[in-house]
Amino acid sequence: MVNRLALTLALFTSQLLCLVKGYDLVRDYSGITFFDEWDFYGSWDNLTGGDVNWLSESDAFSQGLAYVNSANNAILKVDNTHNVDYLQKRNSVRITTKDSYAVGSLWIIDLRHIPFGCSVWPAFWTKGPVWPENGEIDIIEAINLMPNNQMALHTTSGCMHTTPPNQMGQTLEPDCSHPAGCTVGELQPNSFGPGFAEMGGGVWATQFDVQGIFIWFWSRLDVPPSILSSTPTSAIDVSDFGPPSASYLATSCNITQFFTPQNLILDITLCGIWAGLPETWLPSCGGQGPTNICYTDDVIGPGSNYNDAFFEISYVRAYTTGGVVPTPTAAATPIAAVNPDHLFTTVVTAKPSPDGILRPSPLFFPGNGATGLRGGGFSSVAVGIGAVLVGLHVGIGMVGL
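Anyway, here's the lowdown on the structure attached to this text.

Rules of the game
Residues numbered from 1 in each chain as written. Predicted model: local features only at pLDDT ≥ 70, side-chain atom pairs only at ≥ 80, totals over all residues. Heavy atoms only, no water. Helix = DSSP H or I, 4+ residues; strand = E, 2+ residues; numbered from the N terminus. Contact = heavy atoms within 4.5 Å. Areas by Shrake-Rupley, 256 points an atom, 1.4 Å probe, with all protein chains shown as cover. Pairing = 2+ DSSP bridges. Buried < 20%, exposed > 50% of the residue type's maximum accessible area, 1.4 Å probe, protein only. Core = buried A, V, L, I, M, F, W, Y, C linked by side-chain atoms within 4.5 Å.

Summing up its helical and strand segments, the protein has 8 helices and 24 strands in all. A fraction of 75% describes how many contacts in the protein between residues 6 or more apart in sequence connect residues 24 or more apart. For the protein, the exposed area adds up to about 15900 Å²; of that, 58% sits on carbon and sulfur atoms.

What follows is the structure, encoded as structure tokens:
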């Protein structure tokens, strides 16, 4: 009886996948207009104690720390050409999207190079207006000569990470209110450092959903067909993403309670309260200078040791579903079929309107100065179904982010 029910629901799910394409593009950050919808921080690093000045837009452009290269990729970098005197900070860049994105969003970033090196601390992350009350999602973050990326959530007390069977990464800390956040270490090779660039870079996708927060990483040769065939104007189907690297399920962290709409952020700092700590800096970077201190051995003096401290970004794309915005009390209803081999899950987060047509809703909040949707907007989604796909992977365990 159980197997028959499993088969019936699995067939229903597969039919549903044929109807639901998943996510509609609302913003494409790429090419010559990449920087148009980002704000530059324009101040010193007063957040992580890093030894950098994050430049204003005009200064970043004039000093060559933010530009679009001949390959049409966006570059953000640390100054590697000027001498920095003692007690001074080195120039760098931090940018934040003018737009914010609510639960029901998907973000994809395609990179050719990630900053690395002694004292270097890059990140691609998101945050709400108030930290940590409105949540933070760390998608790419690593320091110094770490071989692998590390992902995390930061919240107030009450959000925990329980590792599901299909999470491909290793849970390092389960409490999301811990100073380091609830962290998951990437186990796939070439997610950071020189190996990432040598393999041609890679792609991350992050699903910000009422059922959980899920992060995928693919090295260049493993990027799924749905992403390879996507364009700056197309919707995207997530059904071929496979199991995620980090899977933060809502069963142990109420996403709509701990997270508000998020802005996307790219930044590079130096040293600071993680990369510059003796216990994190000395093992891989100690002994290269006279002081065995991150700032004095790395930041000051000539900048040639920062030749690898740059992002090269093909694009960042933001998508949303066509369903209604989940409220803090929204409860997802899973339709699951279980047998010894599979767990298929589709999360229903919306009901059709009286005329049977699912209406797009405001999951996307254009920032000040935004000139409207770039490339696409909302496309037609399955009539009468508000389905959010949650990391579906046929043949492996259960689903998640």
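A few words now on the sheet that holds strand β19 (residues 263–270). Strand order in the open sheet formed by 8 strands is β2-β8-β19-β11-β12-β13-β15-β14, and the pairing between neighbours is antiparallel. Looking at strand neighbours, the two that pair on one side only are β2 (38–40) and β14 (170–171), the edges of this open sheet. Looking at chain direction, strand β8 (residues 94–97) and β19 are connected through 3 bridges and run antiparallel. Across the sheet, the residue bridging to Ile 95 is Leu 266, located in β19.

With that settled, the discussion passes to the sheet that holds strand β4 (residues 52–54). As a general point, the strands of a sheet are linked pairwise by backbone hydrogen bonds and lie either parallel or antiparallel. Here we have 3 strands laid out as an open sheet, ordered β3-β4-β7, and mixed in their pairing. A single partner strand is all that each edge strand has here, and the edge strands are β3 (43–44) and β7 (90–92). Pairing of β4 with β7, which is carried by 3 bridges, proceeds in the parallel orientation. Bridging across to β7, Trp 54 finds its partner in Ser 92.

We now examine unusual backbone geometry. That bond from Trp 131 to Pro 132 is cis: its omega, 0 degrees, falls within 30 degrees of zero. Within the secondary structure, Pro 132 sits in the loop between β11 (120–127) and β12 (136–141). The residue Asn 144 is not glycine, and still its phi comes out positive at about 50 degrees. Residue placement: Asn 144 occurs in the loop between β12 and β13 (150–154). Assessed through its relative accessible area of 2%, Asn 144 is described here as buried. Phi angles above zero are rare outside glycine, and Asn 292 is one such case at about 55 degrees.

With respect to the element layout, Ile 273 can be found in helix α6 (residues 272–275). In this structure Ile 273 comes out as exposed when scored by relative accessible area, which is 56%. Put simply, Ile 273 and Leu 47 are 226 residues apart on the chain and 9.4 Å apart in space, counted from C-alpha to C-alpha. Other than its neighbours up to four places away in sequence, Ile 273 contacts Thr 48 and Trp 121.

A word on the nonpolar core. Membership of the largest hydrophobic core comes to 67 residues, with the highest contact counts inside it found for Phe 34, Trp 204, Leu 266 and Ile 313. Not counting chain neighbours up to four residues away, the residues in contact with Leu 266 comprise Phe 34, Trp 38, Leu 76, Val 93, Arg 94, Ile 95, Ile 109, Ala 123, Phe 124, Phe 311 and Ile 313. Residues Ala 205, Trp 218, Ile 236 and Tyr 315 belong to the second largest nonpolar core, which totals 17 residues.

In short, geometric facts, not functional conclusions.
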